[in-house]
Amino acid sequence: MKQKYNIFSLMRNARQYHQNWDKAWRSPEPKGEYDVVIVGGGGHGLATAYYLGKYCGITNVAVIEKGWLGGGNTGRNTTIVRSNYTMDESCAIYEKSVQLFEDISQDIDYNVMFSQRGLLHLAHNIHDMQEIGRRGHANWLNGIDAEYLTPQQVKDMVPLIEINGRYPVMGALLQRRGGTARHDAVAWGLARKCDEMGMDIIQNCEVQGFDIVNGVVKGVRTSRGNIKTKKVGVVAAGHSSVVANMAGFRLPLESFPLQALVSEPIKPVIDQVIMSGTVHVYISQSDKGELVLGAGSDAFNSYSQRGAFNTIEHIMAPLCALFPFVSRLKMLRQWGGIVDVTNDRSPIMSKTPVENMFFNCGWGTGGFKATLGSGFAFAHSLANGEMHPLAAPFGMDRFISGALIDEGAAAAVAH
């Protein structure tokens, strides 16, 4: 049983100069065989493992990660959580994720700092007003909170915004239950809980291939030895197409760099998350005072965790028009992740041509907010051998049938 994180354990360990805390998770050597091997030690992979243990009773699980835990897109996003998408299928899984985020800190005894501070999508023209109108009604029909704001209401909520400048604000769609969570804490808390259930979190363990016999996966070949398994769940984000190629099939994915940056820390000036798809920028403020800034992905395919400088200019130009005060700030740091994108901007959660191998990928720019909903649905799919109702619409067969889930508008800006 792990040490509880509370005021009493904090006081007790303070007397010992914080030298005797339990390790959050072990660093075991891989065993020879597991019931399930999950490829990818980011948020989605760890959430899948956690829900396999919590709801499905499967704990003989290995989560293998080629780098360090949470070092991929989980640690390279801008921490936004929301569910105000357009299509019914998207609304269902993202809303499930928001609901799980609301309770996850208590469930795993780890504060993920989920802050439901409210999220505004700005409208700058007639087309934007029509889009947020359509999306707001879709949200209502799916039981998701949505409010329309006038320009003055936007100004009242966000006093420092310029509503009559180069990009006039005609209105906004507000989801009050949207907000942010600490991305590192989500990964660390889930890993700690998985370890407590007896699962193995194996870092620096790169997948090099699969043992496939008569179309059925029997094991995973890694840089730390071969591992036998009954089922494999691949949650490798931007490298999913590379892993699929090792298994002998292709995925309808493209991978792009996605950049974000933070400013130097300042006193609290922005309480909400503010997004604009039209001018391709979004902004929030972290607990440390940094302004967290981002936009869309770079325009070229790459597996590099860095992007082009013109994208930073593309972020800052409209941002300075909407919030003139940011022009006086310095950039503290910048980073990039690798996003895997489908042509309908919706994920893939699916069986594959290889029996007992399942893929969860294609989340593009919306991966972090879906972490818990994705893990919940994927865990049930792995356990039962059939896709969970939340995951079923996102199967690979939709690219043959034409039953696409077009989220190009709701996912128009990376967030």
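Report follows, based on the coordinates. These numbers come from a predicted model, not from an experiment. (Residues numbered from 1 in each chain as written. Predicted model: local features only at pLDDT ≥ 70, side-chain atom pairs only at ≥ 80, totals over all residues. Heavy atoms only, no water.)

### A short note on the packing of aromatic side chains
- All told, the structure shown has 13 aromatic pairs when counted by the stated rule.
- Relative to Tyr55, the ring of Tyr51 lies with its centre 5.7 Å away and its plane at 10°, an arrangement referred to as stacked. With a gap of four residues between them, Tyr51 and Tyr55 both fall in helix α2 (residues 43–56), about one helical turn apart.
- For the pair Tyr85 and Tyr94, a centre-to-centre distance of 4.0 Å together with 5° between the ring planes defines the contact as stacked. Across the pair, exposure class does not vary: Tyr85 and Tyr94 are buried alike.
- An aromatic cluster of three or more residues is present, and its members are Tyr50, Tyr51, Tyr55 and Phe376.
- The positively charged end of Arg192 is found above the aromatic ring belonging to Tyr5, 3.9 Å away from the centroid. (Phe/Tyr/Trp six-rings, centres within 6.5 Å; stacked < 30°, edge-to-face > 60°. Helix = DSSP H or I, 4+ residues; strand = E, 2+ residues; numbered from the N terminus. Buried < 20%, exposed > 50% of the residue type's maximum accessible area, 1.4 Å probe, protein only. Lys NZ or Arg CZ within 6 Å of the ring centre and 35° of its normal.)

### Side note on the pattern of salt bridges
- Counting across every chain of the model gives 17 salt bridges.
- Arg177 is the salt-bridge partner of Glu95, the closest N and O atoms lying 2.9 Å from each other. Of this pair, Glu95 sits in helix α3 (residues 88–108) while Arg177 sits in the loop between β6 (171–175) and β7 (179–180), placing them 82 residues apart in sequence.
- Among the residues examined, Arg177 registers a relative accessible area of 21% and is labelled partly exposed.
- The shortest N-O distance in the salt bridge between Glu196 and Lys193 comes to 3.4 Å. Residue Glu196 and its partner Lys193 are located together in helix α6 (residues 183–196), separated by three residues, close to a single helical turn.
- Taking the relative accessible area as the measure of exposure, Lys193 reaches 17% and is therefore buried.
- Three or more residues joined by partner-sharing salt bridges are found here, namely Glu95, Glu102, Asp145 and Arg177. (Salt bridge = Lys/Arg side-chain N within 4 Å of Asp/Glu carboxyl O.)

### Digging into empty space enclosed by the protein
- Going through the model one piece at a time under the given rule, you end up with two cavities of 30 Å³ or more.
- By volume, the second largest cavity is sized at about 30 Å³.
- For the lining of the second largest cavity, the elements supplying multiple residues, two or more each, are β13 (273–276), β14 (281–285) and α8 (309–322).
- Broken down by class, the residue content of the lining of the second largest cavity amounts to nine nonpolar, one polar and no charged. (1 Å grid on protein atoms, 1.4 Å probe; cavity = no way out; pocket = protein on both sides within 12 Å on 5 of 7 lines; lining within 4 Å. Points joined across faces, edges and corners; volume = space filled by probe spheres on them. Nonpolar A, V, L, I, M, F, W, Y, C, P; charged D, E, K, R; others polar.)

### A closer look at the pairing of strand β12 (residues 254–263)
- Burial analysis of β12 places nine of its ten residues in the buried class, the great majority of the element.
- Relative to strand β16 (residues 331–341), β12 runs antiparallel, the two being bridged by ten bridges. Residue pairing for β16: Val262 is matched across the bridge by Arg333.
- Relative to strand β15 (residues 291–297), β12 is paired through four bridges, and the arrangement is antiparallel. Counted as the bridge partner of Leu258 is Ser297 from β15. (Pairing = 2+ DSSP bridges.)

### Some points on the environment of Ser327
- Looking at the element boundaries, Ser327 is found in the loop between α8 and β16.
- Polar contacts involving the side chain of Ser327 include one to the main-chain carbonyl oxygen of Pro324, which spans 2.8 Å. (Polar contact = N/O pair within 3.5 Å; in protein donor to acceptor, adjacent residues only side chain to side chain.)

### Considering the layout of surface pockets
- Of the voids in this model, the second largest pocket is the one considered here, and its volume is about 460 Å³.
- Along the walls of the second largest pocket sit 22 residues, with Thr79, Arg182, His183, Ser286 and Lys288 positioned nearest its centre.
- Looking at the lining of the second largest pocket, the elements that each hand over two or more residues are α6, β14 and β16.
- Here the residues of the lining of the second largest pocket are counted per class, giving five nonpolar, ten polar and seven charged.

### Considering the pairing of strand β2 (residues 61–64)
- Side-chain alternation along β2 places Val61 and Val63 on one buried face and Ala62 and Ile64 on a second face that is also buried.
- Judged from the four bridges that link them, strand β1 (residues 33–39) and β2 form a sheet pairing that is parallel. Bridge pairing links Val37 to Ala62 in β2.
- Taking the sense of rotation as the criterion, the β-α-β connection linking β1, α2 and β2 turns out right-handed.
- Here β2 pairs with strand β8 (residues 200–202) via three bridges, running parallel. The residue of β8 that forms the bridge with Val63 is Ile201. (Right-handed = clockwise from strand over helix to strand, strands pointing away.)

### Side note on the sheet that holds strand β4 (residues 119–123)
- Read from one edge to the other, the open sheet built from eight strands follows the order β5-β6-β4-β13-β14-β15-β12-β16, with strand pairing classed as mixed. Each edge of the sheet is formed by a strand with only one pairing partner; in this case those strands are β5 (147–149) and β16. Across the sheet, the mean angle from the axis of one strand to that of its neighbour is 20°, orientation sign disregarded.
- Bridging between β13 and β14 involves three bridges; their strand directions are antiparallel. Bridging across to β14, Ser276 finds its partner in Val281.
- Sitting on the sheet, α8 is in contact with β4, β12, β14, β15 and β16, with an inclination near 125° to β15. (Axes fitted to C-alpha atoms, helices over the stretch in contact; angles between N-to-C directions. Contact = heavy atoms within 4.5 Å.)

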